[in-house]
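# Structural overview for review
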Amino acid sequence: MSIQVYPSRGHALAYGSYSDSTSQPLTASTVTYVKFNTIEAQQFVSVQNDGSGFPTKVVVGTSGVFSFTISPQLLHGGGGSALVDFFAVVNGTAVPRSASRVRLLNNTETLPFLEIILTMTVGDAFQWAFYSTSSTVSIYATAAAPPVPAAPSVIAGVKQIE
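Counting restarts for each chain, with residues numbered from 1 along the sequence as it is written. Owing to the predicted nature of the model, reporting of local features is limited to residues with pLDDT of at least 70; listing and counting of side-chain atom pairs is limited to 80 or more, with chain, interface and lining totals taken over all residues. Only hydrogens and water are set aside when side-chain values are computed; all heavy atoms of the structure are taken into account.

Before going further, it helps to spend a moment on the environment of Ala141. Note on placement: Ala141 falls in the loop between strand S15 (137–139) and strand S16 (154–160). Each C-alpha atom of the pair Ala141 and Asn106 lies 19 Å from the other, and the pair is 35 residues apart in sequence. Whether two residues touch is decided by their heavy atoms; if any such pair falls within 4.5 Å, the residues are in contact. Residues in contact with Ala141, not counting those within four places in the same chain, are Ser21, Thr22, Ser23, Gln73, Ala151, Pro152 and Ser153. Going along the chain from the N terminus, every DSSP run of H or I of four or more residues is numbered as a helix, and every run of E of two or more is numbered as a strand.

See below:
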């Protein structure tokens, strides 16, 4: 998929809303990139595959200041506690001071919300990464149980703010 580039000023701002309908297990002590298999809406940004062929990269089609958000459904399916770190990656490099940490206790679920604001250039690729030393951590999806609709494993957004 190619990115669209548009002239600055006087035009609509870029945005995107993404989710994933599958559970995403974490391999212990390995950086895992969050996948997005559904495009809810987008303009002047696109989701592209990483080097492993997974849709993890949000590529911007214009330069500016962007807000990136994520709300993953975290599950720790084991005993004891587990630390989970989320952080931003731009063009393959972890963004300094972008990590957020969550501690999950025995068999717990939580729904954190994270945001980072970054200056981006046309063609820059943004990814959300997560990491844990535990092998029992995942971001998970749940099936619909009427009247409640299905819950994706992750909901993420990008919005150009300047």
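Counting through the fold element by element, Gln73 comes out in the loop between strand S7 (64–72) and strand S8 (74–76). Each polar contact in these results corresponds to two N or O atoms within 3.5 Å; when the atoms are within protein, one needs to be able to donate a hydrogen and the other to accept it, and residues that are neighboring in sequence are counted only if both atoms are side-chain atoms. Polar side-chain contacts of Gln73 include one of 3.1 Å to the backbone oxygen of Pro152. The contacts of Gln73, once residues within four sequence positions are left out, are Thr110, Leu111, Ser138, Ile139, Tyr140, Ala141, Thr142, Ala151, Pro152 and Ser153.

In space, the four strands of this open sheet follow the order S2-S15-S8-S12, with antiparallel pairing throughout. Each edge of the sheet is formed by a strand with only one pairing partner; in this case those strands are strand S2 (24–25) and strand S12 (108–110). As defined by bridge partners, S8 adjoins S15 across three bridges and the pair is classed as antiparallel. Its bridge partner lying in S15, Leu75 is registered against Ser138. Strands pair, by our definition, only if DSSP identifies at least two bridges between them.

So, on to the side chain of Thr69. By the secondary structure assignment, Thr69 is in strand S7. Here Thr69 falls in the buried class, since its relative accessible area comes to 17%. Under the scheme applied here, a residue whose accessible area is under 20% of the maximum for its type counts as buried, over 50% as exposed, and between as partly exposed, the area being computed with a 1.4 Å probe on protein chains only.

Side-chain rings of Phe, Tyr and Trp (the six-membered ring for Trp) are treated as a pair once their centres are within 6.5 Å; stacked means planes under 30 degrees apart, edge-to-face means over 60, and tilted covers the remaining angles. Applying the stated criterion across every chain, the model contains five aromatic pairs. Between Tyr18 and Phe36, the aromatic rings sit 6.0 Å apart at their centres with planes inclined by 45 degrees, giving tilted as the arrangement. Residue Tyr18 is located in strand S1 (residues 15–20), and its partner Phe36 is located in the loop between strand S3 (32–33) and strand S4 (38–43); the two are separated by 18 residues in the primary sequence. As far as the burial class goes, Tyr18 and Phe36 line up, both buried. With a centroid separation of 5.3 Å and an interplanar angle of 10 degrees, the aromatic rings of Phe86 and Phe130 are classed as stacked. Pair noted here: Phe86 is in strand S9 (residues 82–90) and Phe130 is in strand S14 (residues 125–131), with a separation of 44 residues, a long-range link.

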